[in-house]
Amino acid sequence: MTTTSTPRKSVTIIGGGPAGLMAAEILSQGGADVDLFDAMPSVGRKFLLAGVGGLNITHSEAAGPFLSRYGKRSNELQPMLAAFGNEALQEWVHSLGIETFVGSSGRVFPKEMKAAPLLRAWISRLRGSGVRIHVRHRWLGWNEAGEMRFATPEGEISHSSDATILALGGASWAKLGSDGLWQPLLAEQGIAIEPLTPANCGFDIGWSDHLSERFAGTPLKAVAIEFKGVRKLGEFVLTKGGVEGSLIYTFSAAIRDEIKANGSADILLDLAPGKSLERVLEDLKRPRGADSMASHLRRKLGIEGVKAGLLREEISRNDFNDMNKLAAAIKGLPLKLLSTRPIDEAISSAGGVRFEAMSTELMLEKMPGVFCAGEMLDWEAPTGGYLITACLASGRQAGLGALAWLNQTK
C-alpha cells in the first residue's frame with residue numbers, strides 16, 4: 001500500500017530583524033517550510049547596532065508599569081506581552097545559552113553585554129530547524145500573479161508561498177535596512193497606514209555658534225526635565241543644534257506631538273535637581289570673596305562646563321547677575337524645542353500599519369494569509385528594552401497566527 005505525506009505548508013518572511021527571526025522560529029517549530037528574505041548582506045543589522053553599547057533586551061519591571069510604556073497602543077499589545085513578556089523573553093534568551101543579569105536601573109542585559117553571541121546562537125538554531133535565509137533580496141511588492149517580487153544581485157526573481165509575514169521595520173537607520181519603503185507597496189493594496197514619524201529622537205533648538213562649537217557632544221548629567229507637569233531625572237547630550245539622549249527620549253513622543261500641534265515645545269531643565277530653589281538661592285547669596293561668579297557656581301552648586309554654558313546661553317546678563325532670577329533659571333531653565341531631528345537619525349519610529357487593519361493574529365484583513373509584525377506596526381515605546389520585547393512578542397504572535405491560518409486552510 002502506497003501512502004503519500006501531506007506537503008508542508010510554506011511561509012515567506014520578509015525582514016530579518018528580531019520580529020522576523022522570531023516568526024521564523026515559531027513557524028519552523030510548528031512544522032512550516034520557512035524562507036526568510038532580507039535586503040541587507042546579513043540579518044539582524046540594527047539588532048547588532050543596538051547592542052554596541054550593551055544589548056538591553058528587556059526591562060525587569062512589573063507587568064502593569066511595563067505595559068504602560070506602550071502608551072495609546074498598550075491595549076493592542078497587551079495579549080502579546082502577556083504571552084511573551086520580560087520573564088518569558090529572558091527564559092528564551094537562556095535557552096540560546098546566553099546568561100542575563102538585571103542592571104541597577106532594572107534593565108536586563110546579556111552577561112557579555114553583546115548582541116553578536118545571541119544572534120549567532122539564534123541563527124544557528126534557525127538554520128538547524130530548516131529555515132532558509134536569503135540575503136541581498138529586496139522586496140518589491142507583488143506581481144500580477146500575486147507572487148512576491150525581489151531584486152537580487154542576479155536580477156529580479158519571483159517567489160510564492162502559502163502565507164507571508166512582513167517584518168520590514170520602521171524608517172530609522174535606513175542604512176541598516178529599516179527604510180520604510182514598504183509603505184507605498186501596502187498603501188497600493190488599500191492597507192491603512194499611520195505615517196511614520198521619529199520616536200526616541202533628538203530635537204533642534206538652534207544654539208549659538210559659541211555654545212555649539214564648545215559643547216556639542218557633551219553630556220549633561222544629574223539633571224531633571226519637566227514637561228507638561230511630568231518630571232524625570234536622568235542625563236542627555238547637547239548636540240550641535242539641540243539635544244538628544246536617554247532623558248530626552250523619555251519625553252520624545254509627547255514633545256514631538258506638541259511640536260506638531262503648536263510649532264514648538266517648551267521644557268524646563270533643572271540643573272541642580274538635588275537642591276530646592278530655596279537652597280540654591282541661599283548658596284548663591286553666600287559671600288564669594290575673591291571668587292569669580294563662575295568659581296562660585298562651581299564650588300557652591302556644581303554648575304560648570306556645559307551647565308554654566310547653557311545658563312549663559314539662555315538668560316540675559318542682567319538676569320544672570322540677579323540672584324533670584326539666576327536661582328530660578330538653575331531650577332527651571334526654559335528651553336524651546338523647535339523640531340524633531342530627521343527620522344533616519346531616530347532610535348526608532350512611530351506609526352505604521354494600523355492595528356485596525358489587522359486581526360488579533362496580525363493578519364491583514366484585506367490580504368488573507370499576509371501578516372505583519374515588529375516596528376512596522378503602529379506602536380512606539382521608549383528605550384530600555386521595551387522596543388525589542390514588543391518586536392519579539394509581535395513576531396511570535398504573527399508566527400502563531402500564520403500557523404493557525406495555515407491549519408484552517410488545509
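Residues numbered from 1 in each chain as written. Predicted model: local features only at pLDDT ≥ 70, side-chain atom pairs only at ≥ 80, totals over all residues. Heavy atoms only, no water.

- The name that an unreviewed UniProt entry assigns to the protein is Dihydropyrimidine dehydrogenase subunit A, with the source organism given as Iodobacter fluviatilis.
- Database annotation for the protein, UniProt heading Cofactor (unreviewed entry): "FAD". (UniProt positions renumbered as here; feature names shortened; annotations may be inferred.)

1. Some details on the overall build of the protein
- Within the protein, the regular secondary structure consists of 15 helices and 20 strands.
- For the protein, the C-alpha atoms occupy an extent of roughly 105 × 40 × 40 Å along the three principal directions.
- Counting across all 410 residues of the protein, residues that qualify as buried make up 50%.
- Pairs at least 24 apart in sequence give 69% of the contacts found in the protein among residues at least 6 apart.
- About 18,900 Å² of surface is accessible on the protein, with carbon and sulfur atoms providing 50% of the total.
- The averaged location of the 45 negative side-chain charges in the protein is 6 Å from the averaged location of its 45 positive side-chain charges. (Helix = DSSP H or I, 4+ residues; strand = E, 2+ residues; numbered from the N terminus. Buried < 20%, exposed > 50% of the residue type's maximum accessible area, 1.4 Å probe, protein only. Contact = heavy atoms within 4.5 Å. Areas by Shrake-Rupley, 256 points an atom, 1.4 Å probe, with all protein chains shown as cover. Lys, Arg positive; Asp, Glu negative; His and termini not counted. Charge placed at Lys NZ, Arg CZ, Asp CG, Glu CD.)

2. A word on the UniProt feature "domain: RsdA/BaiN/AoA(So)-like Rossmann fold-like" (unreviewed entry) in the protein
- Under the UniProt annotation, the feature "domain: RsdA/BaiN/AoA(So)-like Rossmann fold-like" (unreviewed entry) is placed at residues 10-399.
- Along residues 10-399 the backbone is 36% helical and 24% strand, and the end-to-end C-alpha distance reaches 12 Å.

3. What to know about the pattern of salt bridges
- With the rule as written, the count across this model stands at 29 salt bridges.
- Here E99 ties to K111 by a salt bridge, and the two come within 3.7 Å at their closest N and O atoms. Remark: K111 occurs in the loop between β5 (107-110) and α6 (116-128) and E99 occurs in the loop between α5 (86-95) and β4 (100-102); sequence separation between them is 12 residues.
- Of the charged contacts in the structure, one is a salt bridge between R286 and D283, with a shortest N-O distance of 3.1 Å.
- Given a relative accessible area of 3%, D283 falls into the buried group.
- Through salt bridges with shared partners, one network takes in R73, E76, E194, R354, E356 and D378. (Salt bridge = Lys/Arg side-chain N within 4 Å of Asp/Glu carboxyl O.)

4. Comments concerning the sheet that holds strand β3 (residues 58-59)
- If you walk across this open sheet you meet the 3 strands as β3-β5-β4, and the pairing is antiparallel. Only two strands of the sheet have a single neighbouring strand rather than two, namely β3 and β4.
- With 3 bridges connecting them, β4 and β5 associate as antiparallel partners. Paired with V102 across the bridge in β5 is V108. (Pairing = 2+ DSSP bridges.)

5. Some details on helix α9 (residues 246-262)
- With 17 residues, α9 ought to run about 24 Å at 1.5 Å a step, and its terminal C-alpha atoms sit 24 Å apart, in line with that.
- The sharpest bend along α9 reaches about 60 degrees and sits at S252.
- Listed in full, the buried residues belonging to α9 are L247, I248, Y249, F251, S252, I255, R256, E258 and I259.
- A positive backbone phi angle near 90 degrees is found at G263, which sits one or two residues after α9. (Expected span 1.5 Å × (residues − 1). Bend = angle between axes of the 7 residues up to and from the residue.)

6. A few points about the sheet that holds strand β6 (residues 132-134)
- Ordered in space as β6-β2-β1-β10-β20, the 5 strands form an open sheet in which the pairing is parallel. The open sheet has two edge strands with one neighbour each: β6 and β20 (370-372). Ignoring which end each strand starts from, the neighbouring axes of this sheet average 20 degrees apart.
- Two elements, strand β2 (residues 33-37) and β6, share 3 bridges in a ladder whose sense is parallel. Note on β6: the bridge partner recorded for D35 is R132.
- Where helix α1 (residues 18-29) meets the sheet, its contacts fall on β1 (10-14), β2 and β10 (163-166), and the angle it forms with β2 comes to roughly 170 degrees. (Axes fitted to C-alpha atoms, helices over the stretch in contact; angles between N-to-C directions.)

7. Focus on α6
- Helix length check: α6 (13 residues) gives 18 Å between terminal C-alpha atoms against 18 Å at 1.5 Å per residue, within 8%.
- Within the sequence span of α6, burial applies to P117, L118, L119, W122, I123 and L126.
- Those residues of α6 that are buried are in contact with α1, α2 (45-50), α5, β6 and α15 (386-408).
- Backbone geometry just after α6 places G130 at a positive phi near 100 degrees.

8. Some points on the side chain of S172
- Turning to its location among the elements, S172 is positioned in the loop between β10 and α7 (183-187).
- For S172, a relative accessible area of 0% translates into the label buried.
- A polar side-chain atom of S172 sits 2.7 Å from a polar atom in the side chain of K46.
- Here I347 takes part through its backbone oxygen, which lies 3.4 Å from a polar atom of the side chain of S172.
- Once you skip the residues sitting within four places of it in the chain, S172 turns out to touch K46, S178, I343, D344, A346, I347, S348, S349 and E375. (Polar contact = N/O pair within 3.5 Å; in protein donor to acceptor, adjacent residues only side chain to side chain.)

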